[in-house]
Amino acid sequence: MGENPAKNHYAQLNQGEENEMEIFGYKTQGCRRALCIAGYILSCGALRLLFYWKPEWDVWINCIRCSLEEADIVLLRTTDDFRTYSHKTVTWISVSAFIKSRSDYPATEEDSIFSKAVMKPSLLVSKVFFLEDHYTCSAIHDKFGSGLTCNEQNVRRVICGPNTIDVPVIPIWKLLIKEVLNPFYVFQLFSVCLWFAEDYMEYAIAIIFMSLLSIFLTVYDLRKQSIKLHKLVESHNSIMVTVCRNKEGFQELESHYLVPGDLLILKEGKTLLPCDAILVSGQCTVNESMLTGESIPVTKIHLPQADNLKPWRVYCAEDYRKHVLFCGTEVIQTKADDRGVVKAVVLQTGFNTAKGDLVRSILYPKPMNFKLYRDAMWFLMCLIALAAIGMIYTVCVFALNGEETGEVVKKALDVITIAVPPALPAALTTGIIYTQQRLKKKGIFCISPQRINVCGQLNLVCFDKTGTLTEDGLDLWGLLPSERNCFQNIHSFPADHGLPWGPVFKALAVCHSLIVWEGKIQGDPLDVKMFEATNWVIDDSSRHQNEDQESTHATVVRPGLQATTAPVEGITILHQFPFSSALQRMSVIAQEIGGDTQAFTKGAPETVAMLCRAETVPSNFESKLLLYTAQGFRVIGLACKSLQAGKPPAALTREEVESDLTFLGLLIMENRLKRETKPVLEELSAACIRTVMVTGDNIQTAITVAKNAGMIAPTHRVILVEANEGPGSFSASITWKFLEENKIEDYRGLTDPGIRLALASGQYHFAMSGKSYQIVAHHFRHLLPKLLLNGTVFARMSPSQKSSLVEEFQKLDYFVGMCGDGANDCGALKVAHAGISLSEQEASVASPFTSRTPSIACVPELIREGRAALVTSFCMFKYMALYSIIQYLGVLLLYWQLNSFGNYQFLFQDLAITTVIGVTMSFTRAYPKLVPYRPPSQLISPPLLLSVVLNILFSLSMQIFGFVVVQEQPWYSQTDIHSACLSVNNHERNSSSSLGLHGVRDGAHEQTDNGFKSYENTTVWLLSTINCLIVALVFSKGKPFRQPIYTNYVFILVLIGQLGICLFLMFADIDGLYSKMDLVCTPTTWRISMVGMLAVTLAVSFLVEEAVIENRPLWLLLKKTFQYHSKSHYKRLQRVLEQDSAWPPLNETFFSDSVAVTVEGNMGGHSNPTFDSNEDSL
């Protein structure tokens, strides 16, 4: 084609999203392919297997680079630290069969992906399962408001494919093949073939049996998960829906035929949504508990027909979710407006939907703890290098002694199977598996098990306030009405007399989004309490006639039996603008039956007051607000306005309704702390885990709750950080002032040395609003890390600001947990290292962890279990490494005499000892108390490496000592293996002239002496076997992260049982048993000497582990002596601020163009520490 074949070779998919990938184009070459096939045949399939494990090598060798447009194979690579590759075959699709002429496809959609695919076929790297984001609100109404034509629908169906979340039940044979081709089992197959060649029949058969059992259990588990997930999505793929066809009317079809742009008709009654859709007319109430875990019904309103050039998502900002119906959620109520039926335009289909995202996150959980995995691989490489050294040693020893080449090769390969435990990577996950089961029993569910170990590293937890730290249900405390620019007497609740009729009463009766569902009033707890105070009832089945005499579904509220006398029959709620976290308010348009139309607004008092006419807001508004928020009350502002008749309510914009309002008063609600909040926060504080409040509530209320909950100690000071933008948003100012400045106080005392001392010692907390946070992040970026270091209260935060805050904490190298409700906190829960959603659902797309009990007690529980899982992984790692090296050292020692362990000796060590220990060591539960430091975060850490190296040296010393000293014994004979037990007359003498593996033996003794028996063999095997028990006991770490080892009864019983069997083998001297186990009789004094060697090794190992490896004060002293400082950004910043006497500034205002305060250059931009931390916590 005359262009560079590498041009346009690369592109990025899903940029900025969680599943971001890179795509590369390749073209298959015939000659390369032929050579590869020849390689497959010549290597007996080994090359094909290698390409199965490394798909990128397959593509690189079979194909040449080319542009994506020419590619027939694409290579995909994830952008995370793992850089995982996969390849896909390119499928070309043709839409020419559906397009006979250009007039068949509308020119109005020239900017659409689908139009480009039809009219200008060329390369287009983009997702096509969704409606493009560039459409404006009006464009969506105009282009899709009448539905797609059949031709358009057919073209889109060909390009997009079916609207299915396809999770097929994988056939058992496929699961079996996939499992068998795992590198672990392939290595096992190689080992088994080698053992059969060396006549290790029993051991090989045992390994085959164990491997088959493991494979079948894994396949059974995968099959069960596959069926469960298939059932989860099965209903989604077979729903009958009604769509509107342009010029053809309504049409019933199955949901898998839906495409982006289709116009869905939502009928009355419950409906399960088969796709993501934008509501374009009417109103819906939806149950989104499947996604967010929130069981409270959510009101959705139609997309406004705004004549704006901004894309619809940008125009709607954070409120775009209010217009989107998500796949997998249930529509429980629909309300048509004056335009007739309720309609929604299909936005996304298949795996691009919200439910598809949940299923994908379960199928392909985001890999975590990369550093731990990488360290394990490094250590595995070290063991392979050790095995290579052993192989060279083996070849030299056997070759110099004239052994046959085949035997030398077998013995050399055998060293690999001994030195490299193939189960080492699997051993790191055993703690996670048991922990996940324990968490499930405690009502904490996990869809991303890899994050469990990360929970053990958490050192900062963000909490939402309402429903998380405080009770979900609010209690009405009082109502402070306002008339003629003045606050009136407060109306307290509960009161003997009801509220008097008036605008405030009407606001309480209609300004909500409550519905009647399953016979009960459902909705936001605040709305429920507010409405119940009126003693009115909701008539949700009423029909409302508009000015054109058309009947529409509407909610009508009427006086109840206990209600005070009202001059109206009822009030009809004509239209709602649901609560928006970004706008911090909600509004309704209501009409008294037979009366005028009015708008009512409620929300954050500061926000509502700004929307009101200044002459209606009392002059003492701020002081009254401060009075109640400082006591921890939740305060809601109320306002209203009369609307002119003529324009239909649905046609009014939010801006028109929420302007020039009349201020009505303040609703004061009591927000009680949950009973468990204070003890949990105290426990986290004692464990040196920072706690931060991130809420949408008022800053004064948040600070009071933080003080009551113990986040802010009584002796600590709170500094309010207020930032404001100047005209045009080009400049900004930031001010620091004590919270007490809002009270009557002499501020000259702020320079008091005692206060300065408190500030210098870090006994202060910053509090700021979402608006100030946004301005600081934009104009004072260099100050943000300093503020976050002591920031404890972040109020009036929008969902996107919560997510941003979590990411900023992560940039400071904090391991961040987030605990919230799963709705407004959804983004922050997903961004955090460990997001915990308090929900009744087992799994939600909101977060990797879900606690069925709505209590923050799950947070320390998760941290405890995470720490235990992490320590268990390290214990298993150390044990597996030591077991293989102990066996490796023993075998190499015996190779010196052309000897080795016997089949049953290997069998006993590998199965009876190591396998049973590996299964039971992880049963140890988490320690109930959180200590004020974390376990190490990496395998390659000085204490852990020193522990492994020292224990290797102890084992090596003991085995060499036993090997050498036994040869010095007076009863020792190299040729007569019965010389030590002359008193046993029934022993036959072995006349073999050599104890080599292949020496010539007397035919009569060939069964009883297979060449393995020797004094060295017996000594080294008994020492190495019991040494495995010693390291298992020494490495089974208990306190401070796990319970003492004696609480793991199964493990202790196993160790006692194994030790008993080993001692029995040492002292039994039973001919038949010794013959089977290739042991020889030794004098009792030597056996006692071996016990003494083992006792010394145990004492030294235990003493070193306790006095050196686990001696935290010693390591801290070493750190101090060598002046080692943590490399974590927040630790470095703390050290900088300790030297800065001018921080924090008090009663000062800085401007964005004149700030002189600077932070070290490398404090500003940091890499996200999701996978590792540079902090060495001992």
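All values reported here derive from a predicted model rather than from experimental measurement.

## As for the overall build of the protein
Here's step 1: Of regular secondary structure, the protein possesses 39 helices and 40 strands.
Here's step 2: Sorting the 1178 residues of the protein into buried and exposed places 54% on the buried side.
Here's step 3: Counting only contacts in the protein whose residues sit at least 6 apart along the sequence, the fraction spanning at least 24 positions is 73%.
Here's step 4: Surface exposure of the protein reaches about 50800 Å², of which carbon and sulfur atoms provide 58%.

## Some words on the nonpolar core
Here's step 1: Formed by 92 residues in total, the largest nonpolar core has its most connected members in Tyr879, Ile913, Ile917, Met921 and Trp1021.
Here's step 2: A total of 20 residues in this core trace back to one element, the largest contributor, which is helix 31 (residues 858-895).
Here's step 3: If we skip the residues at most four places from it in the chain, Trp1021 touches Phe901, Gln905, Phe908, Gln909, Leu1065, Met1077 and Leu1079.
Here's step 4: Counting 44 residues, the second-largest nonpolar core is a separate cluster that includes Phe463, Ala834, Ile836 and Ile856.

## Brief notes about the packing of helix 32 (residues 903-920) against helix 35 (residues 1049-1067)
Here's step 1: Taken N-terminus to C-terminus, the directions of helix 32 and helix 35 make an angle of 165°; their axes are 9 Å apart at the nearest point. When the axis of helix 32 is compared with that of helix 35, the two are roughly antiparallel. For the pair helix 32 and helix 35, the crossing hand works out as left-handed. Contacts between helix 32 and helix 35 involve Phe908, Ala912, Ile913, Val916, Ile917 and Thr920 from the first element and Val1050, Phe1051, Val1054, Leu1055, Gln1058, Ile1061, Cys1062 and Leu1065 from the second.
Here's step 2: The class makeup of the residues in the contact of helix 32 with helix 35 is 12 nonpolar, two polar and no charged.

## As for the sheet that holds strand 11 (residues 283-287)
Here's step 1: Here we have four strands laid out as an open sheet, ordered 9-14-11-12, and antiparallel in their pairing. Across the chains shown, the open sheet's two edge strands, defined by having one partner strand only, are strand 9 (271-272) and strand 12 (298-301).
Here's step 2: Summarising the sheet, strand 11 and strand 14 (residues 330-335) pair through five bridges and their orientation is antiparallel. Within strand 14, the residue paired with Cys284 across the bridge is Thr334.

## Examining the pairing of strand 35 (residues 764-769)
Here's step 1: Counting buried residues in strand 35 gives six out of six residues, a clear majority hidden from the surface.
Here's step 2: Judged from the five bridges that link them, strand 33 (residues 717-725) and strand 35 form a sheet pairing that is parallel. By the bridge assignment for strand 35, Leu720 is matched with Ala767.
Here's step 3: As paired elements, strand 35 and strand 36 (residues 791-795) share four bridges and run parallel to each other.

## Quick notes on a nonpolar patch on the surface
Here's step 1: Nonpolar side chains collect at one region of the surface, where Leu50, Tyr52, Trp53, Trp57, Trp60 and Ile61 lie side by side and expose about 540 Å² of accessible area between them.
Here's step 2: Every element with two or more residues in the nonpolar patch is listed here: helix 2 (46-53) and helix 3 (55-62).
Here's step 3: Mapped onto the elements of the fold, Tyr52 is located in helix 2.
Here's step 4: The exposure class assigned to Tyr52 is partly exposed, which follows from its relative accessible area of 38%.

## Details of the packing of aromatic side chains
Here's step 1: This model, assessed by the stated rule, comprises 32 aromatic pairs.
Here's step 2: Pairing Tyr135 with Phe144 gives two aromatic rings, centres 5.3 Å apart and planes at 90°, and the pair type is edge-to-face.
Here's step 3: On the basis of relative accessible area, Phe144 is assigned to the buried category, the value being 0%.
Here's step 4: Here the aromatic residues Trp736, Tyr764, Phe766, Trp1143 and Phe1150 are joined through ring pairs into a cluster of three or more.
Here's step 5: Here the basic side chain of Arg717 rests over the ring of Phe738, its NZ or CZ set 4.6 Å away from the ring centre.
Here's step 6: In this structure, Arg1112 is placed above the aromatic ring of Tyr933, and the distance from its NZ or CZ to the ring centre is 3.9 Å.

## Things to note about the packing of helix 32 against helix 34 (residues 1015-1035)
Here's step 1: One can describe the packing of helix 32 onto helix 34 by two numbers: an axis separation of 11 Å at closest approach and a directional angle of 5°. It follows from the interaxial angle that helix 32 and helix 34 lie roughly parallel. Between helix 32 and helix 34, the residues in contact are Gln905, Phe908, Gln909, Ile913 and Ile917 and Asn1017, Trp1021, Ser1024, Thr1025, Cys1028, Leu1029 and Ala1032, respectively.
Here's step 2: Class assignment for the residues of the contact of helix 32 with helix 34 results in seven nonpolar, five polar and no charged.

## What to know about the environment of Glu676
Here's step 1: With respect to the helices, strands and loops of the structure, Glu676 is situated in the loop between strand 31 (662-670) and helix 24 (677-686).
Here's step 2: Here the alpha-carbon distance between Glu676 and Ala857, two residues 181 residues apart in the chain, equals 6.8 Å.
Here's step 3: With residues up to four places along the chain from it excluded, the contact list for Glu676 reads Pro854, Ser855 and Ile856.
Here's step 4: Here Ser855 takes part through its side chain, which lies 3.2 Å from a polar atom of the side chain of Glu676.

## Overview of the pattern of salt bridges
Here's step 1: Taken as a whole, this structure holds 27 salt bridges when the rule is applied.
Here's step 2: Salt-bridge contacts for Arg781 lead to Glu808; the nearest nitrogen and oxygen are separated by 2.6 Å. One end of the pair, Arg781, is in the loop between helix 27 (770-779) and helix 28 (784-790); the other, Glu808, is in helix 29 (residues 799-811), with 27 residues separating them in the sequence.
Here's step 3: By relative accessible area, which is 10% here, Glu808 ends up buried.
Here's step 4: Of the charged contacts in the structure, one is a salt bridge between Lys786 and Asp1140, with a shortest N-O distance of 3.6 Å. With Lys786 in helix 28 and Asp1140 in the loop between helix 39 (1129-1138) and strand 40 (1148-1151), this residue pair connects regions lying 354 residues apart in the sequence.
Here's step 5: Of the residues examined, Asp1140 reaches a relative accessible area of 25% and is grouped as partly exposed.

## Brief notes about the pairing of strand 18 (residues 475-483)
Here's step 1: In this structure, strand 18 lies alongside strand 31, joined through six bridges in antiparallel fashion. Note that in strand 31 the partner of Leu479 across the bridge is Leu667.
Here's step 2: Two elements, strand 18 and strand 20 (residues 491-492), share two bridges in a ladder whose sense is antiparallel. Its bridge partner being in strand 20, Gly478 is matched across the sheet by Ser492.
Here's step 3: The pairing of strand 18 with strand 19 (residues 486-487) spans two bridges and is classified as antiparallel. Among the inter-strand pairings, Ser482 is bridged to a residue of strand 19, identified as Phe487.
Here's step 4: The antiparallel pairing of strand 18 with strand 19 creates a hairpin that spans two residues between the two strands, and Arg484 there sits at a positive phi of about 50°.

## With respect to the sheet that holds strand 6 (residues 240-245)
Here's step 1: Taken in spatial order, the six strands of this open sheet run 7-6-8-15-10-13, and their pairing is antiparallel. Each edge of the open sheet carries a strand with a single partner, namely strand 7 (249-254) and strand 13 (324-325).
Here's step 2: One ladder, built from three bridges, connects strand 6 with strand 8 (residues 263-266); its direction is antiparallel. Paired with Thr242 across the two strands is Ile265, which belongs to strand 8.

## Remarks on the environment of Asp539
Here's step 1: Looking at where Asp539 falls in the secondary structure, it is placed in strand 23 (residues 536-539).
Here's step 2: Sequence spacing of Asp539 and Ala554 is 15 residues, and the spatial spacing of their C-alpha atoms is 9.0 Å.
Here's step 3: Apart from the residues within four sequence positions on either side, Asp539 is in contact with Ala554, Thr555, Val556 and Arg558.

What counts, and at which threshold
Residues numbered from 1 in each chain as written. Predicted model: local features only at pLDDT ≥ 70, side-chain atom pairs only at ≥ 80, totals over all residues. Heavy atoms only, no water. Helix = DSSP H or I, 4+ residues; strand = E, 2+ residues; numbered from the N terminus. Buried < 20%, exposed > 50% of the residue type's maximum accessible area, 1.4 Å probe, protein only. Contact = heavy atoms within 4.5 Å. Areas by Shrake-Rupley, 256 points an atom, 1.4 Å probe, with all protein chains shown as cover. Core = buried A, V, L, I, M, F, W, Y, C linked by side-chain atoms within 4.5 Å. Axes fitted to C-alpha atoms, helices over the stretch in contact; angles between N-to-C directions. Parallel < 35°, antiparallel > 145°, perpendicular 65-115°, else oblique. Left-handed = near helix turned anticlockwise from the far one by under 90°. Nonpolar A, V, L, I, M, F, W, Y, C, P; charged D, E, K, R; others polar. Pairing = 2+ DSSP bridges. Patch = residues over 30% accessible without salt bridge, like charges linked within 9 Å, V, L, I, M, F, W, Y side chains within 5 Å. Salt bridge = Lys/Arg side-chain N within 4 Å of Asp/Glu carboxyl O. Phe/Tyr/Trp six-rings, centres within 6.5 Å; stacked < 30°, edge-to-face > 60°. Lys NZ or Arg CZ within 6 Å of the ring centre and 35° of its normal. Polar contact = N/O pair within 3.5 Å; in protein donor to acceptor, adjacent residues only side chain to side chain.

Any functional reading would require information beyond the geometric quantities listed.
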